Amino acid sequence: MILKKTWNAILNFFKKNSEIKAIQGEPLLKASRKEITGELKIIEGKLPANIFGVFHVSPPVGTVNSEGLPFPEKTEEGKNNPEFGSPIMNGDGMVIQVNLNQSSPEVKTKLMKTPCFYADEATKQGTKHHGLMGFHNMGITRMSMVFGSRNELNTATQPVKFNGQKQGSLMATYDVGRPYLLDPKSLEIITPMGKSTEWMTAEPPMVPWPFGIAQTSAHPVFDPLTKEVYTVNYSRDKGSFTHMEQTIHHLRHNKESFKDKLEALAHKLVDHPDHDHVNEEVKGFFTNLNHHVDGKPHDNDEPKGDVFMFLLAWDGNGPMKRWELEDQTGDKLAIYECMHQLGITEDFIILTDCSFKFAMDLLFDNPFPESKVIERLIRRLSTVKMEAFTTVYLVKRKDMDPSKEKLTAYRLKEPIPLETIHYSCDYANPDGVITLYGVHNAATCIAEWVRTFDKRALDNKPVDPNYYSLFAVGSMDISRLGKWRIDSNSLEVLEEKSKVLEEPGKWKEDVIGPNTWTIVLYTYRDILSADKVVPTIKQFWYVSDGTDSNLLTKFVYNLYKDYPHRDLSLDDIKEATKRELPFSITRVNLETMETEDYYQCAKKTYIRGVHFIPRKTPDPSIPEELDGYLFCPVQVGTEIPEGGWTYSSEFWVFDATSISKGPICKMKNEEVKFGFTLHTSWMPEADTTDQSYKIPVREDYGEVIEGIKIKADTKFLEDFFEKNIYPHFE
């Protein structure tokens, strides 16, 4: 009898624990890399009969090693995984497509398999080519010392329809890589924008990389009237390239010695109280790596790269047009942060120095990602606050003569007095006055992520591991939405005609109401349309991400505690963060700059994107700018009775005229899992592309490899591409 009771107790113990394991469900950052085509099932409400078209959203989904997200702590061999705790932005892009033109909504997912993807696949962990040849997460980008930089295409999609086309294509984009056109029906990659040899790359000339660092904009602009796409190709201010040539050399030739010496220095300095002393010691180390690192020395007389800034235009047929940009004084444009976003009006291309540190100084945020002590040291020294303003340049479209080699980008006399990462412009610019609507992420660095060693600002406790890799965007002040009038003739911001919305809402109450806490993504009718321009943007919906105690790290708090445009006190920031304000959507009338509609999410429900979809048959009783729906990828948390939360990935539909009523339809497919998504797009149809100009992969990279001067590298690359890359495209 005693044995039976004991046996039953053992069985009940394992049964109970297996049930707990089953109910724990999905973690916050769960993302699947599985490519599927399936049905979206309605789980609540009813899909409007008048909704149509094809929706896209871009999530990063981990690397060839990780099998999705989150990044595992251990490799398959049981070793510490150097990718553990990497930023979520450092992952392959996947496009999720929802086709609403079917009798039942269809969902399709597709990885963005660029040529460098297959190089990554062939050199992943566990292969004979890993180590020096393999790609590694180094800060916010993924690099190989032999092959170069990954183009992960994980940020945004943009419909384009060039002259003579009926369907057009979908353009996938990334800050550090050429845009690629996708077939809207299959989502297969069909061609890059321009050959590799048409792009300037930012790595030093001494590096023979086939996948160069092509710095550009994740948000190029397409003009439906001229049927051209415009973007940039640039390198940052040369001051940000300090010691890069030496660093790359020693990583390629003397990696172990480099790591040992830097790790020893990090242990000595990482917690040293004198910041100036630490800075001088590290500066001295990197200034003279040849002295500190054993092995083959770097030749300091090797040619150095130069800063450059080009505006590019492409009509989808043949080579790109390119102009070197100078400001009105004849100086080259110096970009200190990045050019994440471009803007367009009928007469101007708008360029900005955006508040997003996605550039060369972060490419080597940690050349040894497996070493957390090195990461702590480099982060301590290299991370700087975002500039609290936005430098703006205007390029006159009438000056864009293909026969010219240079163009003037007119710098405004004074910058917009708040930092900006995303913005849109009215297409109309009457009397030369540009209207720019900027989302101002006050005291926020989108390039910072939650590290495995981070502490929470509120209580100095370790951050919940579920949050590792996410953007460290805990609010250090409320965001703003700015409506800026810019006089292109005087090159001035017309402050008396501009207006800024900053609204903390009733943040001490359960129902906060319209607010601007952590604005990230937004939409309006015909945003990113390949068919229509928007002369005047009238209604504007944005997502507020609220506050979260695990996203406000001690490091970020100390970085921005002295923010110059502070609206709320630090005590209020801490109290609001402790309350963990929920996500919400707010609609703003841009004519009055007043909020008119609002929806607040439940706790642990995260709206990860938002896009306006017009009604298929217009309703004449509704203003055109409101006549449609909002389509949102949403991560929904459910509390587990035993403690913690499990998350599911869903798609919600709102009536754009009354979001306060909540979603009118919720859909999901169990195989679609996203822990985070980035930008969205929509097109009326998703038929096979009619893009005729295509750049063959063999021709594209054959020219690059042929131009490499080191013959041994040339031979190796030719053989590698022949075996591992070309077969996937032929």
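Residues numbered from 1 in each chain as written. Predicted model: local features only at pLDDT ≥ 70, side-chain atom pairs only at ≥ 80, totals over all residues. Heavy atoms only, no water.

Below, the discussion takes up the overall build of the protein chain. If you tally the helices and strands in the protein chain, you get twelve helices and 35 strands. By the compact-globule yardstick of 27 Å for 730 residues, the protein chain fits well, its C-alpha radius of gyration being 25 Å. Considering only C-alpha atoms, the protein chain reaches an extent of 95 × 75 × 55 Å along its principal axes. Within the protein chain, buried positions represent 61% of all 730 residues. Once local pairs closer than 6 in sequence are excluded, the contacts in the protein chain between residues at least 24 apart make up 72%. In the form shown here, the protein chain has an accessible surface area of approximately 29000 Å², with 50% of it arising from carbon and sulfur atoms. Each charge sign in the protein chain was given a centre, from 87 positive and 107 negative side chains, and these centres are 5 Å apart. (Helix = DSSP H or I, 4+ residues; strand = E, 2+ residues; numbered from the N terminus. Rg over C-alpha atoms; globule rule 2.2 N^0.38 Å. Buried < 20%, exposed > 50% of the residue type's maximum accessible area, 1.4 Å probe, protein only. Contact = heavy atoms within 4.5 Å. Areas by Shrake-Rupley, 256 points an atom, 1.4 Å probe, with all protein chains shown as cover. Lys, Arg positive; Asp, Glu negative; His and termini not counted. Charge placed at Lys NZ, Arg CZ, Asp CG, Glu CD.)

Let us look at unusual backbone geometry. The phi angle of most residues is negative, glycine excepted, and most peptide bonds adopt the trans form. Note that the residue after Leu69, namely Pro70, is joined by a cis bond; omega there is 0°. Backbone geometry places Asp526, a non-glycine residue, at a positive phi of 65°. As for its placement among the helices and strands, Asp526 is situated in the loop between strand 26 (519–523) and strand 27 (539–544). Of note, the phi angle at Met593 is positive, near 60°, even though the residue is not glycine. Looking at the secondary structure, you find Met593 in the loop between strand 28 (584–589) and strand 29 (594–600).

Three or more residues of helix 11 (residues 697–706) are buried, namely Val697, Asp700, Tyr701, Val704 and Ile705. Down the axis, helix 11 shows its buried residues gathered within 120° of arc, on one side only. (Arc of directions from axis to C-beta.)

What follows concerns helix 10 (residues 570–579). Taken together, the buried positions of helix 10 are occupied by Ile573, Ala576 and Thr577. Viewed end-on, helix 10 has its buried residues packed into an arc of 100°, placing them on one side of the element. Exposed side chains of helix 10 directed beyond 90 degrees from the buried face belong to Asp571 and Lys578. Where helix 10 ends, the next residue or the one after it, Glu580, has phi of about 50°, a positive value.

Here we come to the packing of aromatic side chains. Following the criterion strictly, the structure yields 30 aromatic pairs and no others. Within the aromatic cluster, the residues linked to one another by ring pairs are Phe135, Phe147, Phe211, Tyr701, Phe716, Phe720, Phe721 and Tyr726. Geometry around Phe310 places Arg322 over its ring, the cationic atom sitting 4.4 Å from the centre. Here the basic side chain of Lys396 rests over the ring of Tyr410, its NZ or CZ set 4.7 Å away from the ring centre. (Phe/Tyr/Trp six-rings, centres within 6.5 Å; stacked < 30°, edge-to-face > 60°. Lys NZ or Arg CZ within 6 Å of the ring centre and 35° of its normal.)

A sheet is described by the order of its strands in space; here eight strands give the open sequence 13-14-15-16-20-19-18-17, paired in mixed fashion. Each having just a single partner strand, strand 13 (221–223) and strand 17 (342–344) make up the two edges of the open sheet. With direction set aside, neighbouring strand axes in the sheet form an average angle of 30°. Relative to strand 20 (residues 406–411), strand 19 (residues 391–396) is paired through three bridges, and the arrangement is antiparallel. Considered in strand 20, the bridge of Val395 is made with Ala409. (Pairing = 2+ DSSP bridges. Axes fitted to C-alpha atoms, helices over the stretch in contact; angles between N-to-C directions.)

With antiparallel pairing, the four strands of this open sheet are ordered in space as 9-10-11-12. Pairing within the sheet leaves two strands with one partner each, and these edge strands are strand 9 (156–160) and strand 12 (189–192). If you compare each strand with its neighbour and ignore which way they point, the axes differ by 30° on average. Bridge count between strand 10 (residues 169–173) and strand 11 (residues 180–182): three bridges; the pairing is antiparallel. Bridge assignment links Met171 to a residue of strand 11, and that residue is Leu181.

Moving on: the side chain of Thr680. Mapped onto the secondary structure, Thr680 falls in strand 35 (residues 680–683). Residue class for Thr680 comes out buried when judged on its relative accessible area of 8%. A polar contact of 3.1 Å, which involves the side chain of Thr680, links it to the backbone oxygen of Val610. Polar side-chain contacts of Thr680 include one of 2.9 Å to the side chain of His611. Discounting chain neighbours no more than four positions away, the residues touching Thr680 are Phe55, His56, Val57, Thr157, Leu528, Gly609, Val610 and His611. (Polar contact = N/O pair within 3.5 Å; in protein donor to acceptor, adjacent residues only side chain to side chain.)

Moving on, we get to the pattern of salt bridges. For the structure shown, the criterion picks out 34 salt bridges. Its salt-bridge partner being Asp459, residue Arg456 comes within 2.4 Å of it at the nearest N-O pair. A relative accessible area of 18% places Arg456 in the buried class. With its nearest N and O atoms 2.7 Å apart, the salt bridge here joins Arg587 to Glu596. Looking at Arg587, the relative accessible area reads 6%, which means it is buried. According to the relative accessible area criterion, Glu596 is partly exposed, its value standing at 42%. When salt bridges with common partners are traced through the structure, they connect Arg33, Glu83, Asp92, Asp120, Arg142 and Arg150 into a single cluster. (Salt bridge = Lys/Arg side-chain N within 4 Å of Asp/Glu carboxyl O.)

If you look at soluble globular proteins, the nonpolar side chains tend to sit buried side by side. Residues Leu394, Ile585 and Leu630 are the most contacted members of the largest nonpolar core, which totals 83 residues. Sequence-distant contacts of Leu630, defined by excluding residues within four places in its chain, comprise Thr523, Trp541, Ile585, Val610, His611, Phe612, Trp652, Val653, Phe654, Ala656 and Ile659. Formed by 59 residues, the second largest nonpolar core is a distinct cluster that contains Cys116, Tyr180, Ala686 and Tyr701. (Core = buried A, V, L, I, M, F, W, Y, C linked by side-chain atoms within 4.5 Å.)

The buried fraction of strand 10 amounts to five of the five residues, a majority that puts the element mostly inside the structure. As paired strands, strand 9 and strand 10 are joined by five bridges and run antiparallel to one another. In the sheet register, Ala156 faces strand 10, and the bridge partner there is Thr173. The antiparallel pairing of strand 10 with strand 11 creates a hairpin that spans six residues between the two strands.

The next subject is the side chain of Ser488. Its location among the elements puts Ser488 in the loop between strand 23 (480–487) and strand 24 (492–493). When sequence neighbours within four positions are dropped, the list of residues in contact with Ser488 reads Phe348, Leu394, Gly432 and Ile434.

With that settled, the discussion passes to the environment of Gln165. When you line up the elements, Gln165 lands in the loop between strand 9 and strand 10. In this structure the C-alpha to C-alpha distance between Gln165 and Met339, which are 174 residues apart in sequence, comes to 29 Å. Of the polar contacts made by the side chain of Gln165, one reaches the side chain of Gln691; its length is 2.9 Å.

Let us now look at the environment of Met339. Tracing the backbone shows Met339 in the loop between strand 16 (321–326) and strand 17. In this structure, Met339 is in contact with Thr216, Ser217, Val232, Tyr234, Met309, Leu351, Thr352 and Cys354, ignoring residues within four places of it in sequence.

Examined against the element boundaries, Lys46 turns out to sit in the loop between strand 2 (41–45) and strand 3 (54–57). Sequence separation between Lys46 and Ile664 is 618 residues, and the spatial gap between their C-alpha atoms is 6.4 Å. Leaving out residues up to four positions away in the same chain, Lys46 has contacts with Ile664 and Cys665.

Here we take up the packing of helix 4 (residues 255–269) against helix 5 (residues 275–287). At a minimum axis separation of 11 Å, helix 4 and helix 5 run at an interaxial angle of 170°. In terms of orientation, helix 4 and helix 5 fall into the roughly antiparallel class. Contacts between helix 4 and helix 5 involve Phe258, Lys261, Leu262, Leu265, Lys268 and Leu269 from the first element and His277, Val278, Glu281, Val282, Phe285 and Phe286 from the second. For the contact of helix 4 with helix 5, the per-class residue count stands at eight nonpolar, one polar and three charged. (Parallel < 35°, antiparallel > 145°, perpendicular 65-115°, else oblique. Nonpolar A, V, L, I, M, F, W, Y, C, P; charged D, E, K, R; others polar.)

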